[in-house]
Amino acid sequence: MEFWSLPAGERLAEFARLRTLGTPVFYAEPRVPFVRAGKGFYALVRHEDVQAAGRNAKVFSSEPAATSPEPPPWLAFFFGTPMVNMDDPRHGRLRRIVSRAFSPRMLAKIEIDIAATATRIVDDVLAAGPGDFVEQVAARLPIQVICAMMGIPEQTRPYVLRRIDAMTEYSGVRGSLLRPRTLRLLYGNLKAIVDLHRLVARLGRARLREPADDLISSLVNANVDGERLSVKELGSFFDLLLVAGNETTRNALAHGLKLLTDHPDQRALLMADFDARIGGAIEEIVRYVSPIIQFRRTLTEDFELDGNAFKQGDKVVLFYPAANRDPSVFKDPDVFDITRDSRQHVGFGGPGPHMCLGANLARMELKIMFRELLSRLPDIRTVGEPELLLSNFDNGVLHQPFTF
Ligand code: HEM
């Protein structure tokens with residue numbers, strides 16, 4: 001974990017050095033308690049290589065897991081396998097079904113919820129005064145959006161939020177897993193997953209008996225081709241939404257406010273024509289920040305890439321922050337410029353079957369929240385440096401003081 005505790009500038013400098021080497025470098029995998037040690041991985045750091053691996057899912061497989069270290073098999077047995085760890089045809093089938101959650105019709109429905117939540121958040125900020133941007137703003141929106149999406153009734157949401165707090169507390173754990181406090185948090189985390197599975201399973205069974213006009217109904221009831229989610233799959237989809245859609249968007253919001261504070265010229269440009277520039281600003285925030293640091297692939301056959309003859313079974317890790325600062329694609333990549341064309345960034349994953357399913361939802365959340373914040377609190381800004389999460393996966397912000 002030493003590398004991940006270095007300041008961001010030093011990590012990016014190391015990625016820049018790796019990009020100039022002729023071929024991907026091999027690293028041993030760190031040992032993690034309770035998890036079988038992996039045999040190590042090659043780091044993909046060039047934009048072209050990250051895209052090539054993401055696109056070619058037949059050779060660069062997401063099974064047995066796209067996350068490292070690999071989750072223990074008992075976790076998949078009890079909680080199901082999330083689609084991010086699947087290949088076709090299982091992945092394609094699930095993605096077709098859950099894409100219903102992100103259809104333009106569903107997104108239009110959710111937009112109303114997002115706007116109402118953003119308004120409530122800023123009302124509360126005005127009442128409470130300056131404090132911690134993560135706690136008061138960034139952590140609140142994505143969770144509410146996911147609950148609204150899943151059709152979790154308003155009165156059940158505090159129950160869900162408490163369980164998510166237990167999960168977040170665990171994901172903020174640093175250091176050895178074997179300390180009593182860590183074990184207690186691990187237990188709280190697993191119990192929260194079980195409770196949330198039970199909750200959505202109950203909602204799923206209720207919607208099977210009596211369908212309503214909501215997402216859970218459309219996921220558990222068959223479409224014209226007879227495709228639907230089983231109740232267990234519904235539980236693991238909910239987990240995935242919580243993991244994939246929650247901290248990512250929260251961190252993009254927190255890093256985003258810091259970037260706009262540190263670059264007053266870019267903020268002035270944005271405010272001069274918010275509607276025209278917010279789309280580009282969001283892509284640039286995601287490129288610059290890379291809220292997700294990496295996903296992994298395992299080779300299904302021998303394959304040559306970037307001068308390296310990979311063998312079947314080799315693992316590669318796709319480092320998005322490295323690809324997003326590749327000067328062969330982005331001119332002056334370390335400059336934060338909301339007017340640049342950053343569409344080629346891989347912050348939402350490279351083009352390919354696993355590219356972020358929630359990207360348009362995340363864009364919508366960021367746009368609505370920044371509009372609400374910057375228009376109603378024109379002097380809002382971060383104060384000092386954020387407290388960052390020590391993680392090789394999540395470019396997380398634990399706390400960020402702010403004022404307005
Ligand atoms: C700024 C916010 C976000 C970032 C940076 C982000 C990033 C990513 C990345 C890098 C992947 C690729 C995984 C891979 O290639 O293996 C991914 C996949 C995914 N994301 Fe996002 N994400 C964000 C927001 C969201 C939101 C809001 C949701 C839903 C509520 C979501 C749902 C998903 C799902 C379901 C997948 C798996 C897709 C698949 O395996 O087919 N994401 N995301």
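Look above for the structure.
What comes next is a walk through the structure. (Residues numbered from 1 in each chain as written. Predicted model: local features only at pLDDT ≥ 70, side-chain atom pairs only at ≥ 80, totals over all residues. Heavy atoms only, no water.)

Before going further, it helps to examine the overall build of the protein. In terms of helices and strands, the protein carries 16 helices and 12 strands. Taken over the C-alpha trace, the protein has a radius of gyration of 21 Å; the compact-globule value for 404 residues is 22 Å, and the two agree within 12%. Expressed as lengths along the three principal axes of its C-alpha atoms, the size of the protein is roughly 55 × 55 × 50 Å. Looking at the protein as a whole, 51% of its 404 residues qualify as buried. When the accessible surface of the protein is summed, it comes to about 18,600 Å², and 57% of that surface belongs to carbon and sulfur atoms. If the 51 positive side-chain charges of the protein are averaged to one point and the 50 negative ones to another, these points end up 5 Å apart. (Helix = DSSP H or I, 4+ residues; strand = E, 2+ residues; numbered from the N terminus. Rg over C-alpha atoms; globule rule 2.2 N^0.38 Å. Buried < 20%, exposed > 50% of the residue type's maximum accessible area, 1.4 Å probe, protein only. Areas by Shrake-Rupley, 256 points an atom, 1.4 Å probe, with all protein chains shown as cover. Lys, Arg positive; Asp, Glu negative; His and termini not counted. Charge placed at Lys NZ, Arg CZ, Asp CG, Glu CD.)

Of all hydrophobic cores here, the largest spans 76 residues; its most connected members are Phe-133, Met-150 and Phe-370. Core analysis: the second largest hydrophobic core is formed by 17 residues, Tyr-42, Leu-44, Phe-295 and Val-346 among them. (Core = buried A, V, L, I, M, F, W, Y, C linked by side-chain atoms within 4.5 Å.)

This part covers the packing of aromatic side chains. This structure, assessed with the given rule, holds 14 aromatic pairs. Between Trp-4 and Phe-15, the ring centres sit 6.5 Å apart and the planes meet at 55°, which makes this aromatic pair tilted. Within this pair, whereas Trp-4 is found in the segment before helix 1 (8–20), its partner Phe-15 is found in helix 1, the two being separated by 11 residues in sequence. Just as Trp-4 is buried, Phe-15 falls in that class too. A network of ring pairs unites the aromatic residues Phe-3, Trp-4, Phe-15, Tyr-27, Phe-41 and Phe-319 as a single cluster. Its guanidinium or amino end placed over the ring of Phe-330, Arg-287 lies 5.2 Å from that ring's centre, counting from NZ or CZ. (Phe/Tyr/Trp six-rings, centres within 6.5 Å; stacked < 30°, edge-to-face > 60°. Lys NZ or Arg CZ within 6 Å of the ring centre and 35° of its normal.)

Side chains of strand 2 (residues 41–44) alternate between two faces, with Phe-41 and Ala-43 and Tyr-42 and Leu-44 buried alike. Direction of pairing for strand 1 (residues 25–27) relative to strand 2: antiparallel, over a ladder of three bridges. Paired with Val-25 across the strands is Ala-43, a residue of strand 2. Here three bridges tie strand 2 to strand 8 (residues 315–319), and the two strands are oriented parallel to one another. In the sheet register, Tyr-42 faces strand 8, and the bridge partner there is Val-316. (Pairing = 2+ DSSP bridges.)

Scanning the entire structure with this criterion turns up 24 salt bridges. Salt-bridge contacts for Asp-49 lead to Arg-46; the nearest nitrogen and oxygen are separated by 3.7 Å. Using a relative accessible area of 23% as the deciding quantity, one classes Arg-46 as partly exposed. By sharing partners, the salt bridges in this structure join Arg-46, Glu-48, Asp-49 and Asp-306 into a single network. (Salt bridge = Lys/Arg side-chain N within 4 Å of Asp/Glu carboxyl O.)

Judged by pairing direction, the sheet is mixed, and its five strands sit side by side in the order 1-2-8-5-3 without closing on themselves. Edge strands, defined here as strands with exactly one partner in the open sheet, are strand 1 and strand 3 (60–61). In this structure, strand 5 (residues 294–299) lies alongside strand 8, joined through five bridges in antiparallel fashion. Counted as the bridge partner of Phe-295 is Leu-318 from strand 8. Sheet strands in contact with helix 2 (residues 47–55) are strand 2, strand 3 and strand 8, and its direction is about 120° off that of strand 8. (Contact = heavy atoms within 4.5 Å. Axes fitted to C-alpha atoms, helices over the stretch in contact; angles between N-to-C directions.)

This part is about the state of the cysteines. Throughout the structure, instances matching the rule amount to zero disulfides. Unpaired in terms of disulfides, Cys-147 finds its nearest cysteine sulfur in Cys-356, a separation of 18 Å. (Disulfide = S-S within 2.5 Å.)

The rolling of a water-molecule-sized probe over the atoms marks out the regions of remaining empty space. Here the structure, examined in full by the defined rule, presents one cavity of 30 Å³ or more. Around the largest cavity, the lining residues are Leu-18, Arg-19, Leu-21, Thr-23, Pro-24, Val-25, Ala-43, Leu-44, Val-45, Arg-46, Asp-49 and Asp-306. Counting residues per element, the ones that place at least two in the lining of the largest cavity are helix 1 and strand 2. Residues of the lining of the largest cavity, tallied by class, amount to seven nonpolar, one polar and four charged. (1 Å grid on protein atoms, 1.4 Å probe; cavity = no way out; pocket = protein on both sides within 12 Å on 5 of 7 lines; lining within 4 Å. Points joined across faces, edges and corners; volume = space filled by probe spheres on them. Nonpolar A, V, L, I, M, F, W, Y, C, P; charged D, E, K, R; others polar.)

This part takes up the coordination of the iron atom of the ligand. One donor from the polypeptide reaches the iron atom of the ligand: Cys-356 (SG), at 2.3 Å. Mapped onto the fold, Cys-356 is located in the loop between helix 15 (320–323) and helix 16 (359–376). (Donors = N, O, S within 2.8 Å, 3.2 Å for Na, K, Ca; no water.)

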